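Architecture and fold: a report
Below are the chains, spelled out letter by letter.
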Amino acid sequence: MKQRDIQVLQEMGLTYWQVRKPEIFPNQEIPVIDLPENCKLLLITNDELNEHDAWLFGRILSSMKLTPEQALCLPLEAVEQVGEHHLTWCWFAGCQGAHPTGCQVLSSVSLHLMHNDPSSKKALWQQICSYDV
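An unreviewed UniProt entry annotates the protein chain as DNA polymerase III subunit psi originating from Photobacterium angustum. The record held by UniProt for the protein chain lists under Function (unreviewed entry) the comment "Part of the beta sliding clamp loading complex, which hydrolyzes ATP to load the beta clamp onto primed DNA to form the DNA replication pre-initiation complex. DNA polymerase III is a complex, multichain enzyme responsible for most of the replicative synthesis in bacteria. This DNA polymerase also exhibits 3' to 5' exonuclease activity."

Structure representation (structure tokens):
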């Protein structure tokens with residue numbers, strides 16, 4: 001299933017199911033998520049973003065000189081399915097895990113917690129700036 005299809009299902013409030021133990025089904029093909037060429041930042045979070053979170057995410061993207069069209073959001077479990085990509089950034093918000101190769105990794109608390117915690121915003125900004133050196 002393509003990433004866009006997964007996002008459409010999520011926006012409709014429908015659940016996307018994934019086989020957690022694919023070795024049980026040896027003939028089952030594991031789907032690959034090929035990110036669009038314009039995707040430069042992948043936000044990895046298991047949280048559903050509300051309107052306030054989306055606003056904060058947009059502000060952070062803007063400070064990084066990125067547009068919302070250049071970012072996608074995936075749950076942690078789907079990251080291992082990422083195939084071809086042109087990512088610059090991989091941001092783990094409220095979770096940790098393996099990241100796609102060749103991108104700069106950011107780690108923070110979830111966007112829900114970041115709203116009222118200036119120190120977590122500062123820590124994220126310091127990580128972003130550390131790559132500009």
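On we go from here.
This part covers the nonpolar core. Judged by nonpolar contacts, the single largest core of 17 residues is most densely connected at Leu 41, Phe 57, Ile 60, Met 64, Trp 91 and Leu 111. Going through the elements one at a time, strand E1 (41-44), helix H2 (51-63), strand E3 (89-93), helix H3 (111-114) and helix H4 (118-130) are the ones with two or more residues in this core. Considering each element in turn, this core owes the most residues, four residues, to H2. Among the nonpolar cores identified, the runner-up in size contains 16 residues, and Leu 35, Leu 42, Leu 72 and Cys 95 belong to it.

Let us now look at the packing of aromatic side chains. Each pair of aromatic rings is reported with the distance of its centres and the angle of its planes. Scanning all chains against the criterion turns up two aromatic pairs. A centroid spacing of 5.8 Å and a plane angle of 40° characterise the contact between Phe 57 and Trp 91, whose relative ring orientation is tilted. Highlighted residues: Phe 57 in helix H2 and Trp 91 in strand E3, separated in sequence by 34 residues. Neither residue differs from the other here; Phe 57 and Trp 91 are each classed as buried. With a centroid separation of 5.4 Å and 80° between ring planes, the pair formed by Trp 89 and Tyr 131 is classed as edge-to-face. On the criterion of sequence distance, the pair formed by Trp 89 in strand E3 and Tyr 131 in the segment after H4 is long-range, its members being 42 residues apart.

Turning our eyes to something else, we now look at H4. The end-to-end C-alpha distance of H4, which contains 13 residues, comes to 18 Å, matching closely the 18 Å that a straight helix rising 1.5 Å per residue would cover. Every buried residue of H4 is listed here: Ser 120, Leu 124 and Ile 128. Down the axis of H4, the buried side of the element spans an arc of 80°, and every buried residue falls inside it. Exposed and oriented more than 90 degrees from the buried face of H4 are Pro 118 and Lys 122. Looking at the packing, one finds that the buried side of H4 touches H2, E3, strand E4 (104-108) and H3.

Turning to its location among the elements, Leu 61 is positioned in helix H2. The residues contacting Leu 61, other than those within four sequence positions of it, are Leu 41, Leu 66, Thr 67, Pro 68 and Ala 71.

Rules and cut-offs
- Numbers given to residues run from 1 along each chain, matching the order in which its sequence is written.
- The predicted nature of this model means local features are confined to residues of pLDDT at least 70 and side-chain atom pairs, given and counted, to a pLDDT of 80 or more, with totals for whole chains, interfaces and linings taken over all residues.
- As a rule here, side-chain values cover all heavy atoms of the structure and leave hydrogens and water aside.
- UniProt positions are given in the numbering used here, feature names are shortened, and annotations may be inferred rather than shown by experiment.
- The term nonpolar core refers to a set of buried residues drawn from Ala, Val, Leu, Ile, Met, Phe, Trp, Tyr and Cys, joined through side-chain atoms within 4.5 Å.
- Partly exposed residues are those whose accessible area sits between 20% and 50% of the maximum for their type, while under 20% is buried and over 50% is exposed, using a 1.4 Å probe and protein chains only.
- Put simply, DSSP H or I for four residues or longer makes a helix, DSSP E for two residues or longer makes a strand, and each gets a number counted from the N terminus.
- When the centres of two rings from Phe, Tyr and Trp lie within 6.5 Å, Trp using its six-membered ring, the rings pair. Their planes under 30 degrees apart give stacked, over 60 give edge-to-face, and anything left gives tilted.
- Multiplying 1.5 Å by the helix residue count minus one yields the expected span of that helix.
- Think of it as the arc spanned by the lines of direction from the helix axis to the C-beta atoms.
- The criterion used for residue contact is that any of the two residues' heavy atoms lie within 4.5 Å.

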